[in-house]
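# Topology and contacts: notes
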Amino acid sequence: MKVLQLMSAPVDKIEKFINDGHSYHGHNLYGYISLKKDFNIDWYPQLNKSPKFVRGGINKRRLIAQLQCILNCKNYDIIYSPHDIHLLPIAILKYLQIIKTPVLMICHFSYNMNYVEGWYKKLLKRIERYFVFQSIDQVLFANKEMLDLALRDYNVPLKHQKVANWGANLKFFDEYIIQVRRSPLESYYAAMGWANRDYTTLCEAFRGTQLQLKILAGKRNIENRPSNVDLVDLSGKGMEGMAFLREYYYDAIAICLPITTTNDVPNGATVLVEALAMGKPIIATASETNYVDIEKEGIGICVKRNDVNGWKEAIKYLADNPDIRKTMGEKAKLLAKERLNLEIFTENVRRNLETLS
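Read on for an overview of the structure. (Residues numbered from 1 in each chain as written. Predicted model: local features only at pLDDT ≥ 70, side-chain atom pairs only at ≥ 80, totals over all residues. Heavy atoms only, no water.)

### Remarks on the environment of Ile99
- Considering the arrangement of structural elements, one finds Ile99 in the loop between α4 (88-95) and β4 (103-107).
- For the pair Ile99 and Ala9, spaced 90 residues apart in sequence, the C-alpha to C-alpha distance is 25 Å.
- Dropping the residues within four chain positions of it, Ile99 is found in contact with Ile70, Cys73, Ile79, Ile90, Leu93 and Lys94. (Helix = DSSP H or I, 4+ residues; strand = E, 2+ residues; numbered from the N terminus. Contact = heavy atoms within 4.5 Å.)

Right under this line is the structure:
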């Protein structure tokens, strides 16, 4: 079976990196490394086949991937779209039966309009939702929480009421734990990522405390941050960055996930599943659209939006109660092992690809 996978990452460079003997997390490839052992998989976008003026930027790459897919899909048995790509162009052409190749989509959107701001965005989302659910052959929601949110606002067709349970690569994180052969230092809190992050509130929560915070968000700067908040830039590490990032997960007291705005995408999902894989408690901004209900699962603490005092209390509570954070961390790891990990996700995708073939 010949599969065309729409991607956002430079897969050729990643494969060379892996073949050269380097360790790579791979959960941003959504099963590609394992699936290619069973299927004949090509991936788009092939940027060297695109005009230079349309190269660069993740949104441009995702658009290019769809355009190349439209032009070449007749040469494939299945189209597999695992990223949070807006598949409206392909969905419309499927609806019009111009594209006849079956499509498997991993849905990272809840399409719940209660969490979409502005009439214009809501209109576009409603249009996209309609064509996706009407014409895509199989939609797998990233996890059960996303499906539940979708069902609260829309009568999702029964055939699409399935989940893939995307999560991090456990082997990648376990490999580090085996290598270091020591207990976690737990000498600081850590926060990763930049998109839609409320680092202003988080920094204020650490101001005046003896607790340390490390923010790993590339080359970004945060003005007026207190002296006990450090910025760590791993962007110069290239594809080795995630391998170095494991240390910061491992030695953290807990992982902080402060979110600025709620929308129909689970912001910070990658950081959350990586924290689970490392067995770390999580403190996050409370939101119905979070990838996991961390308080319900017993793996962390939710704080109200813009609540500096709430963050202060949460970080102090976990710092003062090592037994509680140990229990939370154990539950986080168990959740990753039993439900949210790359291996389970890949098997779900493999099974559904075979069903569509």
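### Examining the packing of aromatic side chains
- Per the counting criterion, the structure on display carries 18 aromatic pairs.
- A centroid spacing of 5.7 Å and a plane angle of 80° characterise the contact between Tyr111 and Phe133, whose relative ring orientation is edge-to-face. Note that Tyr111 is positioned in the loop between β4 and α5 (119-135) and Phe133 in helix α5, a separation of 22 residues in sequence. For the pair formed by Tyr111 and Phe133, the shared burial category is buried.
- With a centroid separation of 6.1 Å and an interplanar angle of 40°, the aromatic rings of Phe133 and Phe141 are classed as tilted. The burial state of Phe133 is the same as that of Phe141; both residues are buried. (Phe/Tyr/Trp six-rings, centres within 6.5 Å; stacked < 30°, edge-to-face > 60°. Buried < 20%, exposed > 50% of the residue type's maximum accessible area, 1.4 Å probe, protein only.)

### Overview of empty space enclosed by the protein
- Tallied over the full model, the rule gives 1 cavity of 30 Å³ or more.
- Its boundaries defined by the atoms lining it, the largest cavity holds a volume of some 30 Å³.
- Lining the largest cavity are Ile259, Thr261, Thr262, Asn267, Ser287, Thr289 and Asn290.
- Tallied by class, residues from the lining of the largest cavity come to 1 nonpolar, 6 polar and no charged. (1 Å grid on protein atoms, 1.4 Å probe; cavity = no way out; pocket = protein on both sides within 12 Å on 5 of 7 lines; lining within 4 Å. Points joined across faces, edges and corners; volume = space filled by probe spheres on them. Nonpolar A, V, L, I, M, F, W, Y, C, P; charged D, E, K, R; others polar.)

### Considering the layout of surface pockets
- Estimates place the volume of the second largest pocket at around 540 Å³.
- In terms of lining residues, the second largest pocket is bounded by 23 residues, among which Ile33, Ser34, Asn169, Lys171 and Leu342 are the most central.
- Of all the secondary structure elements, the ones that give two or more residues to the lining of the second largest pocket are α2 (32-35), α7 (170-180) and α13 (342-356).
- With 5 residues, α13 is the single largest residue contributor to the lining of the second largest pocket.
- By residue class, the composition of the lining of the second largest pocket is 8 nonpolar, 9 polar and 6 charged.

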